[in-house]
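Architecture and fold: a report
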Amino acid sequence: MTYVLGKLLHIVIVAGAALPGLAAVLVWAERRVSAFIQDRLGPNRVGPAGLLQPIADLLKFIFKEDVIPGHVNKTLYVLAPAMSLVPALVAFCVVPYARGMAIADVNVGILLVFAISSIAVYGVSIGGWAGNSKYSLLGGVRASAQMISYELALGASCVPVFLVVGELNMEAIVAWQKANGWLVFYLFPAWIIFLVSSYAETNRLPFDLPEAETELVAGYHTEYSSMKFALFFLAEYIHMITASALSVTLFFGGYELPWVTLPGGAWGTVLSGLVFFGKISFFLFLFIWVRWTLPRFRYDQLMNLGWKILFPASLVVVLATAGWIAMVTP
Amino acid sequence: MSGSVNITVDGKQVAVPAGLNLIEAARYAGKSVPHYCYHPRLSVAGNCRICLVEIQGQGKLQIACNTRVTEGMSYFTDNDRVRKAREGVMELLLINHPLDCPICDQAGECKLQEYAVEHGSGITRYAFEKVRKPKNVSWGDKVVFDSERCILCTRCVRFLDEVAGTPEVGLDLRGEKCTLVVKGDGKLTSPYQMNIIDLCPVGALTSRDFRFKSRVWFMHFTDTVCTSCARGCNTVVGSRGDRVLRMVPRTNPDVNDSWMCDFGRLHYAFVNDETRLTLPRVAGKGAPYATALQRAKAILEGARGQGILAVASPFMTNEELFAMKELLDRLGVEDRFFLKPTGEGDDLLVHPEKCPNARGAALLGFAEAPAEWPSKEYGALLYFAPHEGADLPEEVLLRAKRRIVFSLKEREADVCFPLTTWIEKDGTVVSAGDRLQRLTKGISFEPTLVTERTVLDRLHASLDAAHRPPDTAAQAVARLAAAVPAFAGVTWQRIGPLGMKLEAAGAPA
Amino acid sequence: MDRDGDAVKTRVVKRPQMSLGERIYFATIVKGLLLTIRHFFGVFGDLFHWKTKTTAITMQYPEERWDFKDNFRGAPALVMDQFGREKCVACQMCEFVCPPKAITIWPAEFATTDNNVEKYPDRFEIDMLRCIYCGFCEEACPEEAIFLVKEAELVHTEKKDFIHDKKKLYQMGGIREDRILKWQHK
Ligand code: SF4
Ligand code: SF4
Ligand code: SF4
Ligand code: SF4
Ligand code: FES
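Bear in mind the structure is a predicted one, so any value in this text is a computation, not a measurement.

Further remarks concern the overall build of chain A. Scanning chain A from N- to C-terminus turns up 12 helices and zero strands. Relative to its length of 330 residues, chain A is compact, with a C-alpha radius of gyration of 20 Å against a globular reference of 20 Å. Judged by the C-alpha coordinates and their principal axes, chain A covers about 65 × 50 × 45 Å. Of all 330 residues assigned to chain A, the portion counted as buried reaches 53%. In chain A, once contacts between residues fewer than 6 apart in sequence are set aside, the share between residues at least 24 apart is 78%. Accessible area for chain A stands at about 14,500 Å²; split by element, carbon and sulfur atoms hold 74% of it.

So this is what it looks like as C-alpha cells:
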C-alpha cells in the first residue's frame, strides 16, 4: 500500500509539477534566449528577470475563451491535446533523473520510451484531422510521416548503446558509463544521429514542418486556442525534456559525474539530481540555440535526410559497433 | 431693339438679339465675361471694370456691361490685353481687401475668390499697411455690413433704389475712405433688404440669421419654392444634417425675378423645430404608424352613417389633396373644406394668401371654409391643420365624435398624425396666377416620418384593397392629371424647375 | 520570343554550386551556432555591464521613449498665440479637408464686435478613433491654429474619451508663436 501511495505521489510530483514546471521555465528560456540571439531583451517585466512570465502566460491561457470552432470534429478535437500530452509525460517515467529515482525502473526501459513516444504521433495527427481545415490536416499528415520516418533512425541509433552496455535498463547504462566513461566518446556518430532524429521527433526547428507557420499558419494546432493549445505546447516542451534526458542518460553519463564520485544516501540523490539537471539544461539550451540558428528544412529535404542518410548511417553504425565488439571481446 | 445682329466673339460668329450688352451676348458664343457690378435685373453702373473687353477697331478696352452689340461687331473676351487688364483690376481690388476668407460667410460662393483664382495674378505687390474701414457694422437685425470687404460695386444701392423702392443706402466719402452708409439711424427698413446679401458679389453683406451657421460647401442645396405666401417665389434651400439653414431666391422671370421677401426667407424655423411631432399619437400616446392607421380606419368606418367632416390644408400639395379627395370619394364624404390663412400683401411679391396651395385645394373640389360652419353633428373629423395662420373653431372640432388630425405639433385628437413640411417631400402646388410649381424634397427631418400622401394612400388601401396608390411624385402627378380636368396634360417633367401655367384651370376662382 | 514576337536575348545564370564542405552541413551549422551564441553572450553580458560587442537594441518602453522628430505627425491639437488668444477662427477648412471626417466644429459669433476675428469655435471635437493622422488639417488651416503634436499614445477604455474636445485640444497644443495675428491685422 505504501508502495502504491509512494509511487502515486512520485508520479504526481514528476508529471504534475516538475515536468510542466520545467516546461514552463523552458518557454520563458526560449523567449529570452531567442531575444538575446536577436539582440533583443525578451520578456523581462513579470517578476525578476521576467521569471514569472510563464505564470502570467498560464493565467492568460486559462482565462482565454475556450473556443471550439463549429466546423471541427468535437470528440477528436477535445481528445487530441490530451493524446499528445499524456504520452509525453508517460515516456519520462523510465528516465532515472537521479540516483535510484525513476518512476519505473524496468529492464526494458528505453524500449518503453520508444513504444510510448510513438503513440505521441497520434495526438498530433488526430489534432490535425479534428481541426477540419486544410492547414491542420496538412500539418497532421506531415507530422505523422515525419515522426514515423525518424523513429527508425532514432531507434537504430540507440542500438549501439545496448550492444556496448549489454543492457536495456537505464540505470545499468548509467552505471556502465560511470565505470567506463561516457558513451559519446565511443559512439559519437550514433549520438549525432540520435540528436538529429530527436529534433525531428520533437518537431523542433529545423524540422518543425508540422507547424511551419509560413505555409501552414500554425499547422496541426491552427484551430486550437486557450488551454487546449497550451497542452500541445506543453507536450512539445516535455518531449524536449525527455529527448534531452535520453541523450544525457544514453551518451553523457546520466546523473553521475566522471572522476568525482558523489556521496551515497539522500545527499547523493539530491546531488545526482542536480548533476542530471545541469546536463539536460545544456541539451535544452542546445535545442533553443539550434532553433534560433538554423532555418527550416524543405519537406523533401527532410525526407531525404531521414531515409537516405540517417537511417542507412545508423545501420552502418550498428554493424560497425557490432563488428568492433566482436573484435575486442575475447 | 428687335431683330438680331451678327457679331464675332473671340473669332466665333454668332447671331444675337439686338440690344444685348456684351456680357449677355458673349454667352451666345459660350463665353463668359467676369462681372461684379453688372446684374441683369439692375441698371448698369459700370464701376468695377472687371468686365473689360477689347472691341475690334476701338483703341481702348471697353466695359462689356455698358456696351451694346451692333451689327458686325467683333470683340475679344480672352486675349492678352484683356487678361492683363483683368489681372490689374483684380490686383487693385485686392490691395486693401482683408484676409477674411476664413471667417467670411461668402467664401465658397465669392466672386472675388473665384475671379482671383481665374483672373488674378496670385501675388500682391502692395507692401504697405492696408486701409482700415468699419467692420461688423449692424444694418439692423437682418444684415451685417463689412466695409473692408466691400468692393463698392453699388449693387446693393441700386437694388434698394430700383427694385425695393426704398433708397436707403448710399456711398459716403471718397477714394480709399469711400464706404456705404445707411440713411437715418443706420438701420435698413425694407422688407426686401436681405436680397442685397445675395446680390453682393463679395462677403460685405452677410445675413444675421445665417451668419456662421455653415460654410456653403457643407450645405446640400435643393431647388424648390417658398411656401410662405401664394406667390411661390422660386428658392434654393441650403441644408446640412437634415436641418434647413438658409433660403435664397432662385431666378424665375415669370414669378419672382431674382428676389424674395425677407419674411419668406426667414420663415423656416417651424421646419427645424425639434419639438415637432415625428410619430403618430393615438389617444395622446405615441404609436407606430400601423397602429395609428388601424385606429383611423376604425374611426372612419364607424362614422360612415353619421357623416364625416373633411378639412384640408392649403399647405398640402396637389397630390396629397388628390389622395385625400380619392379617400373622401371612397367614403362618400360630402363636406369638404379647407382653411385659408390670409394677411397683407404688397405690389412687389408678397401675396395676401399666406399659404402655397389654396388655389390647388379649390381646384380639387374643396370649398373655402364658410364663415358659418354647417351646424351638423359629425361621426368623425378628418382635419389637416394649417401650419399657421388659421385653425378650425373649437366648436366645430367638438361637433365631431371622433377626430383624426394631421398636425405639426401634437394636438388633442383620437389619432394625431405628424405633418411633413414643404422641404420634406416632392409635390406640386398651384401658386398665384394658376402657376403650377414643383416642391422638391431636400431633407428628411426624421427617418420615421411618413408623408401625408403615403398615410392617406395607406388608409385608403386599408379600406379598399383595390386601391393602387402612386409611388413617386411623378406618378402621383400623372394620376392627378388623368383624373382632374384642370390638370389635364400636366407631367412632372413638363412642370420643370421653373413651373408652368395651368391653362386648363380657367379664370381664378 | 516576347509578346510581340521579337527574339529575346537570354542569359543563363549559373547557380553557384555548393562545395563539399557546405554539402556536409556540419561546418556551416557550427559556424551558424557560433554566430548566434556570440550575440547571445553579447546581450547576456550586457545585462551585467560586461564590455561586449553586441548589445540589445530594445527600448524599454514606458521608461524610455522615442524622441519624435519635429515633423512627427501625432494627434492633432489646437494652439494659442503668444498672447494666449485662440487662433482658430472656426473656418472649418480642417473639417472640410479631413478625409475620415474626424473633425466637427460648432462655430459661434463673438458677442462683441470690436475684434477682427468675429468668429470662434464654440465646440471643436476631433474623434481620434476616426483620425488617420494625415496632417491635412494642419496643412489646410489658414490661421496656423491646428498642429499635429508629438502625442502618439492614446489609450482609453471608453469610446467617448477618444473624442477630444476643445479643452483637451488646447491642453495638448499649448502656445505657439504666431506670425499671422489675425486679432491685430487685417
Ligand atoms: S469677400 Fe470673398 S474674398 Fe473677401 S473675405 Fe469674403 S470670401 Fe474672402
Ligand atoms: S456691399 Fe456688396 S453689393 Fe454693396 S457695394 Fe459693397 S460689394 Fe457691392
Ligand atoms: S490628421 Fe487628418 S484625419 Fe486627423 S483630424 Fe487632421 S485631417 Fe482629420
Ligand atoms: S482650419 Fe484652422 S482656423 Fe479653421 S477651423 Fe480648423 S483649426 Fe480653426
Ligand atoms: S460689370 Fe462691367 S464694370 Fe462692373
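Turning to the site of ligand 2, a few remarks are in order. Taken together, 14 residues are adjacent to ligand 2, and B:Cys150, B:Cys153, B:Thr154, B:Cys156 and B:Cys200 come closest. In terms of residue class, the shell around ligand 2 is made up of 12 nonpolar, one polar and one charged.

What follows concerns the sheet that holds strand β5 (residues 163-164) of chain C. Residue and element names in this part refer to chain C. In space, the three strands of this open sheet follow the order β2-β3-β5, with antiparallel pairing throughout. For this open sheet the edge positions go to β2 (103-109) and β5, each flanked by a neighbour on one side alone. Its contacts with the sheet place helix α5 (residues 166-173) against β3 (119-127) and β5, and it is angled at close to 85 degrees to β3.

Moving on: the interface of chain C and chain B. The partner chain B presents 22 residues to the 19 residues of chain C that form the contact. For the chain C and chain B pair, buried surface summed over both sides reaches about 1,800 Å², with 53% attributable to carbon and sulfur atoms. Counting the contacts that link chain C with chain B gives four salt bridges. Elements represented by at least two residues in the side of chain C that touches chain B include exactly α3 (93-97) and β2 of chain C. Residue composition of the side of chain C that touches chain B, by class: eight nonpolar, four polar and seven charged.

Every contact between the two is made by 15 residues of chain A and, on the other side, 20 residues of chain C. Seen at the junction of chain A and chain C, the total is one salt bridge. In this structure, C:Glu63 and A:Arg45 form a salt bridge, with 2.9 Å as the shortest nitrogen-oxygen distance. For the pair chain A and chain C, the interface holds eight residue pairs in polar contact (both at pLDDT 80 or more). Counting only elements with at least two residues in the side of chain A that touches chain C, the list comes to α1 (2-37) and α11 (265-291) of chain A. Residues belonging to the side of chain A that touches chain C are distributed by class as follows: 10 nonpolar, two polar and three charged.

Right, let's talk about the packing of helix α2 (residues 53-63) of chain A against helix α10 (residues 226-251) of chain A for a bit. Residues and elements named next belong to chain A. Look at α2 against α10: their axes get within 6 Å of each other, and the N-to-C directions meet at 135 degrees. Put simply, α2 runs oblique to α10. Side by side, α2 and α10 meet where Leu 58, Phe 61 and Ile 62 of the first sit next to Ser 226, Met 227, Phe 229 and Ala 230 of the second. For the contact of α2 with α10, a count of residues per class yields six nonpolar, one polar and no charged.

For the rest of this paragraph, the subject is the pattern of salt bridges. Residue and element names in this part refer to chain B. Enumeration over the complete set of coordinates arrives at 52 salt bridges over all chains. Here Arg 336 ties to Asp 329 by a salt bridge, and the two come within 2.5 Å at their closest N and O atoms. A relative accessible area of 14% means that Arg 336 is categorised as buried. For Asp 329, a relative accessible area of 42% gives the class partly exposed.

Once that is clear, we can look at the packing of aromatic side chains. Summed over all chains, the structure comprises 39 aromatic pairs over all chains. Taking 6.4 Å as the distance between ring centres and 20 degrees as the angle between the ring planes, the aromatic pair formed by A:Phe92 and A:Tyr97 counts as stacked. Residues B:Trp217 and C:Phe96 carry aromatic rings whose centres are separated by 5.7 Å and whose planes lie at 55 degrees to one another, so their mutual orientation is tilted. Residue B:Trp217 is found in the loop between β10 (205-207) and β11 (220-225), and its partner C:Phe96 is found in helix α3; the two belong to separate chains. On the basis of relative accessible area, B:Trp217 is assigned to the partly exposed category, the value being 26%. Grouped by ring-pair contacts, the aromatic residues A:Trp182, A:Phe185, A:Phe188, A:Trp191, A:Phe252, A:Phe282 and A:Phe283 constitute a single cluster. Positioned above the aromatic ring of A:Phe61 is the side chain of A:Lys60, whose terminal nitrogen or guanidinium carbon lies 5.9 Å from the ring centre. Between B:Arg246 and the ring centre of B:Phe210, over which it is positioned, the NZ or CZ distance is 5.1 Å.

Our next topic: the environment of B:Pro249. Residues and elements named next belong to chain B. Of note, Pro 249 is situated in strand β13 (residues 243-249). Judged by relative accessible area, which is 14%, Pro 249 ranks as buried. Sequence spacing of Pro 249 and Cys 233 is 16 residues, and the spatial spacing of their C-alpha atoms is 7.0 Å. The residues touching Pro 249, leaving out its near neighbours within four places in the chain, are Asn 195, Asp 198, Asn 234, Thr 235, Asn 256, Ser 258, Trp 259, Met 260 and Arg 265.

Residue and element names in this part refer to chain B. With antiparallel pairing, the three strands of this open sheet are ordered in space as β6-β7-β10. Two strands close off the open sheet at either side, each with one partner strand: β6 (137-138) and β10. Here strand β7 (residues 143-145) runs beside β10; their pairing, made up of three bridges, is antiparallel. Residue Phe 145 lies in a different strand from β10, and its bridge partner there is Leu 205.

Reading guide: rules and limits
- Residues numbered from 1 in each chain as written.
- Chains lettered and ligands numbered in written order.
- Predicted model: local features only at pLDDT ≥ 70, side-chain atom pairs only at ≥ 80, totals over all residues.
- Heavy atoms only, no water.
- Helix = DSSP H or I, 4+ residues; strand = E, 2+ residues; numbered from the N terminus.
- Rg over C-alpha atoms; globule rule 2.2 N^0.38 Å.
- Buried < 20%, exposed > 50% of the residue type's maximum accessible area, 1.4 Å probe, protein only.
- Contact = heavy atoms within 4.5 Å.
- Areas by Shrake-Rupley, 256 points an atom, 1.4 Å probe, with all protein chains shown as cover.
- Near = heavy atom within 4 Å.
- Nonpolar A, V, L, I, M, F, W, Y, C, P; charged D, E, K, R; others polar.
- Pairing = 2+ DSSP bridges.
- Axes fitted to C-alpha atoms, helices over the stretch in contact; angles between N-to-C directions.
- Buried area = accessible area lost by both parts, 1.4 Å probe.
- Salt bridge = Lys/Arg side-chain N within 4 Å of Asp/Glu carboxyl O.
- Polar contact = N/O pair within 3.5 Å; in protein donor to acceptor, adjacent residues only side chain to side chain.
- Parallel < 35°, antiparallel > 145°, perpendicular 65-115°, else oblique.
- Phe/Tyr/Trp six-rings, centres within 6.5 Å; stacked < 30°, edge-to-face > 60°.
- Lys NZ or Arg CZ within 6 Å of the ring centre and 35° of its normal.

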